[in-house]
Amino acid sequence: MSRRSSPRMSHWPKGGAGLVALAGATVLVLSACSSSGTSSSSGGATSPSSASTAGVGSTTSGSIVWSASPLSGTGANDARTVLINAFEKQYPGIHVTLVSASTDTDTNRATLATQIAGGSSSPDVFMGDVIWPAQFGAHQLAVPLSQYLPSSYWTRFAPGLVAGATYKGAVYGSPLFEDQGFLYYRKDLLSKDGLTPPTTWEQLETDAKAVLAKGQTKYGFVWQGDSYEGLTCNFMEYLTDAGGTATNSGYTSATLNSAAALKAVTFMRSLITSGVTPAAVTTFQEPQAMNTFGSGQAVFLRNWDYAYTSAITPADGGKLTASQVGVEPLPTFAGQTAPGYSNIGGWNMYINPHSAHLGADLTFLQWLSSATAQDILSQKYGFISTVTSVRSSPATIAANPVFAVVPMTKLVPRPAGTPEYPALSTAIYQNVNGALAGSASPAAAVAAMESAANTALSSTSSGGL
């Protein structure tokens, strides 16, 4: 399964994509959390073709090809088609041809890398994972957008999104839609026991024990603990809450053998040893955690934005009602300012360096971050907007309980600012999983994680592709 980026298109991490029903529509879960991928191809791309940079961002004529994986809806209600129609209505002189990309993120990445490295000018623009910027930037497979779009353009996006789309000071991806981690909980059980939604991880553990002691559910807290990209996403939240980082600012060395990393891994392991989290969480990806909570067997769940709808939708296997499910920002560690950090998932827009239509490409790309396009994605199809003004608007907040929580959250990207991110992520999730399973102590795990991470960061064999 390849979902990488978060979520919906990647609602579930690690190389693979899945389909889930959201509000009656089939939705591609490309979880922006993913890291596998072994296609080998490297640079060779040149600067954007003459297609003139004159009038960049204000071009009103031309024809471009957009490669995008399915999002939600079918036929005339396909989200991509709806977006194209709305764009062409505003820019009748620009025609957009849709090429439907693979729903498997790694297949999609390998295909695009091969095409662009080979000099193909098509597609002109493409939708891609939030963890692609360094890999595509390092191999000249995407245009450094910040060379063409003013600094004022990037201020429209929610904090953290542009940083995650940046490689060596240049921004390669324009945020299209976003996903992040949330805490879902049983409102009915907490209310019955006189408890409030936890704002600290320690409170969550204590409250889960209290509910379990009364036999009200089978499990306290479920999340993604399998040895895959999703565990990197979970770990980054605890690590950041503890004040740690995965690498130095230049992504040249790991900073994982730290007090913060030890605190994060120790706590994650304690959730299992205390009985709050089932030992089987070491095999849980998004579907297993979702099914456990949605069937009423857990008090708390860490998952992506689709989880609320899935929990209350029988067609998705949900057995709960809206009155039973609450959603809040993720907690943080005691002594820190709440809320905790949520890992970023989602998808960006990129431009092919060989495109002969750069002006039209930029017009389309900028329109996709407009209020019109973002309202379509959020209010009609349930994707979290990347634009601050849209995600905080009353209409968006009223559209979904999860959207009401989004403006309260704090975001942290994965350490994907290096083209060696796939190997770096593997170093993280394999060692954290080992500690969770009890095959290594937390101290031994963070030491091994740092060593493996440094090996990954010093590699120049594949450049992440």
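About the thresholds
Each chain carries its own residue numbering, running from 1 in the written order of its sequence. Selection of residues for local features in this predicted model requires a pLDDT of at least 70, selection of side-chain atom pairs for listing and counting requires 80 or more, and totals for whole chains, interfaces and linings are taken over all residues. Hydrogens and water molecules were not included; the side-chain quantities draw on all heavy atoms of the structure. Only runs of H or I of at least four residues qualify as helices and only runs of E of at least two qualify as strands under DSSP, and these elements are numbered from the N terminus. Contacts are residue-level and defined by heavy atoms, with any inter-residue pair within 4.5 Å sufficient. Computed with a 1.4 Å probe, the accessible areas rest on the Shrake-Rupley method; for each residue, only the protein chains presented here act as cover. Definition used in this section: a nonpolar core is a set of buried Ala, Val, Leu, Ile, Met, Phe, Trp, Tyr and Cys residues joined via side-chain atoms within 4.5 Å. Burial classes: relative accessible area under 20% of the type maximum marks a residue as buried, over 50% as exposed, and values in between as partly exposed (1.4 Å probe, protein chains only). Stacked, tilted and edge-to-face pairs are distinguished by plane angle, under 30 degrees for stacked and over 60 for edge-to-face with tilted covering the rest, among Phe, Tyr and Trp rings (Trp via its six-membered ring) whose centres lie within 6.5 Å. Look at NZ for Lys and CZ for Arg. If either is within 6 Å of the ring centre and within 35 degrees of the ring normal, a charge sits over the ring. Within 3.5 Å is the distance limit for a polar contact, defined as a pair of N or O atoms, with the added protein rule that one can donate a hydrogen and the other accept it, and that residues adjacent in sequence qualify only through two side-chain atoms. Lines fitted to C-alpha atoms define the axes here, with helix axes fitted over just the stretch in contact, and angles between the N-to-C directions of these axes take values from 0 to 180 degrees. Comment on the angle field: the value is read as roughly parallel under 35 degrees, roughly antiparallel over 145, roughly perpendicular from 65 to 115, and oblique elsewhere. Handedness of a crossing is defined here by the sense of rotation of the near helix relative to the far one, left-handed for an anticlockwise turn of less than a right angle and right-handed for a clockwise turn. Each residue receives one of three labels: charged for Asp, Glu, Lys and Arg, nonpolar for Ala, Val, Leu, Ile, Met, Phe, Trp, Tyr, Cys and Pro, and polar for the others, Gly being one of them. For two strands to pair, DSSP has to find at least two bridges joining them. Handedness of a crossover is defined as follows: with both strands directed away from the viewer, a clockwise route from the first strand across the helix to the second makes it right-handed. One less than the residue count of a helix, multiplied by 1.5 Å, gives the span that helix is expected to have.

This paragraph deals with the overall build of the chain. On a plain count of helices and strands, the chain comes out with 18 helices and 15 strands. Excluding contacts between residues fewer than 6 apart, the proportion of contacts in the chain whose partners are at least 24 apart in sequence is 74%. Put simply, the chain shows about 15200 Å² of open surface, and 53% of that area lies on carbon and sulfur atoms.

Our focus in this paragraph is the nonpolar core. With 85 residues, the main nonpolar core has Tyr184, Phe221, Phe235 and Phe293 as its most contacted residues. In this structure, Leu71, Ala79, Ile94 and Val387 belong to the second largest nonpolar core, which totals 41 residues.

For the structure shown, the criterion picks out 23 aromatic pairs. Ring centres 4.9 Å apart and planes at 5° place the aromatic pair Trp132 and Phe136 in the stacked group. Residues Trp132 and Phe136 agree in their burial class; the two are buried. Relative to Phe333, the ring of Phe267 lies with its centre 5.5 Å away and its plane at 90°, an arrangement referred to as edge-to-face. Note that Phe267 is positioned in helix H9 (residues 259-273) and Phe333 in the loop between strand S12 (325-328) and strand S13 (341-351), a separation of 66 residues in sequence. Just as Phe267 is buried, Phe333 falls in that class too. Put simply, the rings of Trp201, Phe221, Trp223, Tyr238, Phe267 and Phe333 pair up and form one aromatic cluster. The ring of Trp304 has Arg302 lying over it, and the distance from NZ or CZ to the ring centre is 4.3 Å.

This paragraph deals with the side chain of Thr292. With respect to the element layout, Thr292 can be found in helix H10 (residues 286-294). Within the structure, the side chain of Thr292 is placed 2.8 Å from the backbone oxygen of Gln288, a separation counted as a polar contact. Look past the residues within four positions of Thr292 in its chain and what remains in contact with it is Tyr219, Val222, Phe284, Gln297 and Ala298.

A separate point is the side chain of Asn352. For Asn352, the location among the structural elements is in the loop between S13 and helix H12 (358-368). Engagement of the side chain of Asn352 in a polar contact is seen with the backbone oxygen of Pro123, the distance being 3.0 Å. Excluding residues that lie within four positions of it along the chain, Asn352 makes contacts with Ile116, Ser120, Ser121, Ser122, Pro123, Asp124, Phe126 and Val143.

The next subject is the packing of H9 against helix H17 (residues 421-437). The N-to-C vectors of H9 and H17 enclose an angle of 40°; their axes lie 8 Å apart at closest approach. Here H17 runs oblique to H9, going by the angle between their axes. Both H9 and H17 take part in a crossing whose hand is right-handed. Residues Val265, Met268, Arg269 and Ile272 of H9 form the contact with H17, whose own contacting residues are Val432, Ala435, Leu436 and Ala437. Considering only residue class, the contact of H9 with H17 consists of seven nonpolar, no polar and one charged.

The next thing to look at is the pairing of strand S4 (residues 94-100). Sheet analysis places strand S3 (residues 62-68) next to S4, joined by seven bridges and oriented parallel. Directly across from Ser63, in S4, lies its bridge partner His95. Once the chain exits S3 it traverses helix H1 (residues 79-90) before rejoining the sheet at S4, and the crossover so formed is right-handed.

A few words on the environment of Leu149. Within the secondary structure, Leu149 sits in the loop between helix H3 (133-138) and helix H4 (151-154). Not counting chain neighbours up to four residues away, the residues in contact with Leu149 comprise Trp154, Leu362, Leu365 and Gln366.

Once that is clear, we can look at the environment of Asn77. You can see Asn77 is positioned in the loop between S3 and H1. Assessed through its relative accessible area of 46%, Asn77 is described here as partly exposed. On a C-alpha basis, the gap between Asn77 and Lys380 in space is 9.9 Å, while along the polypeptide they are 303 residues apart. Once you skip the residues sitting within four places of it in the chain, Asn77 turns out to touch Ser72, Val82, Lys380 and Tyr381.

Let us look at H17. Between its first and last C-alpha, H17 extends 24 Å over 17 residues, near the 24 Å set by a 1.5 Å rise per residue. The buried count for H17 comes to 14 of 17 residues, which makes it a mostly enclosed element.

Let us look at the sheet that holds strand S10 (residues 219-222). Strands belonging to one sheet form pairs held by backbone hydrogen bonds; the direction of such a pair is parallel or antiparallel. Taken together, four strands build an open sheet; the order of strands is S10-S11-S9-S12 and the sheet is mixed. The sheet is open, and its two borders are formed by S10 and S12, each paired with just one other strand. Here the strands of the sheet are splayed against their neighbours by 15° on average, with no regard to which way each runs. Relative to strand S11 (residues 298-303), S10 runs parallel, the two sharing three bridges. When the bridges of S11 are listed, Val222 appears paired with Leu301. Of the strands in this sheet, strand S9 (182-186), S10, S11 and S12 touch H10, which is tilted by about 150° from S11.

Before going further, it helps to spend a moment on unusual backbone geometry. A cis amide bond links Ser122 to the next residue, Pro123, at an omega of 5°. Structurally, Pro123 can be placed in the loop between helix H2 (105-117) and strand S5 (125-129). With an omega of 0°, the peptide bond running from Ala338 to Pro339 counts as cis. Unlike most non-glycine residues, Lys168 shows phi in positive territory, near 50°. Within the secondary structure layout, Lys168 lies in the loop between strand S6 (166-167) and strand S7 (170-171). Positive phi values are uncommon outside glycine, yet Tyr251 reaches one of about 60°. Secondary-structure assignment places Tyr251 in the loop between helix H8 (229-241) and H9.

So, to be careful, I would describe these as geometric facts and stop short of saying anything about function.
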